[in-house]
Amino acid sequence: MHKRLILLGFALLALIHISAQELDMTIKVIAPNLGTSDKAVVGQMEKLVKEFMNNQKWTGDKFELYERIKSSIQITIREDRGNNSFVCDFAIQASRPVYQSTYETPILILNEKDVPINFDPFKPLENSKETFFDNLSSVLTFYAYFIISLDYDSFSLEGGETYVNILQNMVNTIPSGARGFDQSWSSASGKKNSRYFLMENLINPRMKAFRRAFYEYHRLCLDQSTKDMNAARRDMVTAINAIAQTDRSYPNTYLMQIFINSKSGEIIEIFKKGTTQEKEEIYRAMTAIDPSNSSQYKVLKS
């Protein structure tokens, strides 16, 4: 009996530990261009990244199992440079539940290409919010806090500010050598789709209206849609118009592109059932934000 109680205690401690984590993340590593002899790195990287992202305590808040943020990362190893050095593409997604429904709304769909990393399967990955250990650890840490900041922003106005500050500190304190190794940490490359500009967009005063509208879209519109879908759509028109106004005052931001990637399909489906006036307003707003894909919004003109 004593042994059973001890085992039960360990099981409860394990459950508490699991329930405390923030991310419920699926990890997939693929390497279509690697030779058969090099494929062992795929399983090793997948295991270490999965353990790092899901077992790390990223915040001081307590999460129940059902509250964990559903997310995924697919890492595609495109090039093996030798000596444990690789070039990878990252495909990252995250979602959050809509109140009193079974629907999960996407908050993030992001693809970053040409990420250089060094990977040693015998070296642990480290939370890098304050100290740079290696580029893979820092990239994963950055995206963990980026996902958390967006999730918190969707539940309360600028609720992710603590984690935005962590992102800012990470980017500002990245060693110069790491910036040279991976230019996504720096503005110097001029690359708009970079971690540097994700951080910059989040802290830029011109994007405050975007963050407010992002919160209103999720908390005041989607989360109210199960009570009154017509009222939720009317409020969503206001939120999307505010987002379009932000794009006019600060055009072509990376954060706006992520919003388009994540939300365009959802917005189209929601407003297919809208009034003629709502459809017209959303058509104007979304084709202004996303002119290169204007044809997909024509369904709202019918």
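Quantities reported herein were computed from a predicted structural model and do not represent experimental measurements. (Residues numbered from 1 in each chain as written. Predicted model: local features only at pLDDT ≥ 70, side-chain atom pairs only at ≥ 80, totals over all residues. Heavy atoms only, no water.)

## Quick notes on the overall build of the protein chain
Step number 1: Check the secondary structure of the protein chain and you find 10 helices and 4 strands.
Step number 2: Listing each helix as α and each strand as β along the protein chain from the N terminus yields α-β-α-β-β-β-α-α-α-α-α-α-α-α.
Step number 3: Relative to the 2.2 N^0.38 estimate, which gives 19 Å for 302 residues, the radius of gyration of the protein chain is 21 Å and therefore close to what a compact globule would have.
Step number 4: Here the C-alpha coordinates of the protein chain stretch approximately 60 × 60 × 35 Å along the principal axes.
Step number 5: The buried share among the 302 residues of the protein chain stands at 48%.
Step number 6: Here the analysis covers contacts within the protein chain between residues at least 6 apart in sequence; of these, 67% occur between residues at least 24 apart.
Step number 7: As presented, the protein chain carries roughly 14800 Å² of accessible surface, and 52% of it is formed by carbon and sulfur atoms.
Step number 8: In the protein chain, 36 positive and 35 negative side-chain charges are present, and the distance between their average locations comes to 3 Å. (Helix = DSSP H or I, 4+ residues; strand = E, 2+ residues; numbered from the N terminus. Rg over C-alpha atoms; globule rule 2.2 N^0.38 Å. Buried < 20%, exposed > 50% of the residue type's maximum accessible area, 1.4 Å probe, protein only. Contact = heavy atoms within 4.5 Å. Areas by Shrake-Rupley, 256 points an atom, 1.4 Å probe, with all protein chains shown as cover. Lys, Arg positive; Asp, Glu negative; His and termini not counted. Charge placed at Lys NZ, Arg CZ, Asp CG, Glu CD.)

## So, the side chain of Asn135
Step number 1: Note that Asn135 resides in helix H3 (residues 135–155).
Step number 2: The class for Asn135 is buried, based on a relative accessible area of 3%.
Step number 3: A distance of 2.9 Å separates the side chain of Asn135 from the side chain of Asp182, its partner in a polar contact.
Step number 4: A distance of 2.8 Å separates polar atoms of two side chains, one belonging to Asn135 and the other to Trp185.
Step number 5: If sequence neighbours within four positions are ignored, Asn135 has contacts with Val115, Pro116, Ile117, Phe181, Asp182 and Trp185. (Polar contact = N/O pair within 3.5 Å; in protein donor to acceptor, adjacent residues only side chain to side chain.)

## Regarding the pattern of salt bridges
Step number 1: Following the criterion strictly, the structure yields 19 salt bridges and no others.
Step number 2: Notably, a salt bridge pairs Lys47 with Glu51, separated by 2.8 Å at the nearest N-O pair. Of this pair, Lys47 and Glu51 both sit in helix H2 (residues 40–55), 4 residues apart, roughly one helical turn.
Step number 3: On the basis of relative accessibility, which here comes to 34%, the residue Glu51 falls in the partly exposed class.
Step number 4: Residues Glu278 and Arg233 are paired through a salt bridge, measuring 3.4 Å at the closest nitrogen-oxygen approach. (Salt bridge = Lys/Arg side-chain N within 4 Å of Asp/Glu carboxyl O.)

## Re the environment of Glu22
Step number 1: Assignment of secondary structure puts Glu22 in the loop between helix H1 (2–19) and strand S1 (23–30).
Step number 2: Polar contacts involving the side chain of Glu22 include one to the side chain of Lys57, which spans 2.7 Å.
Step number 3: Here Thr59 takes part through its backbone nitrogen, which lies 2.7 Å from a polar atom of the side chain of Glu22.

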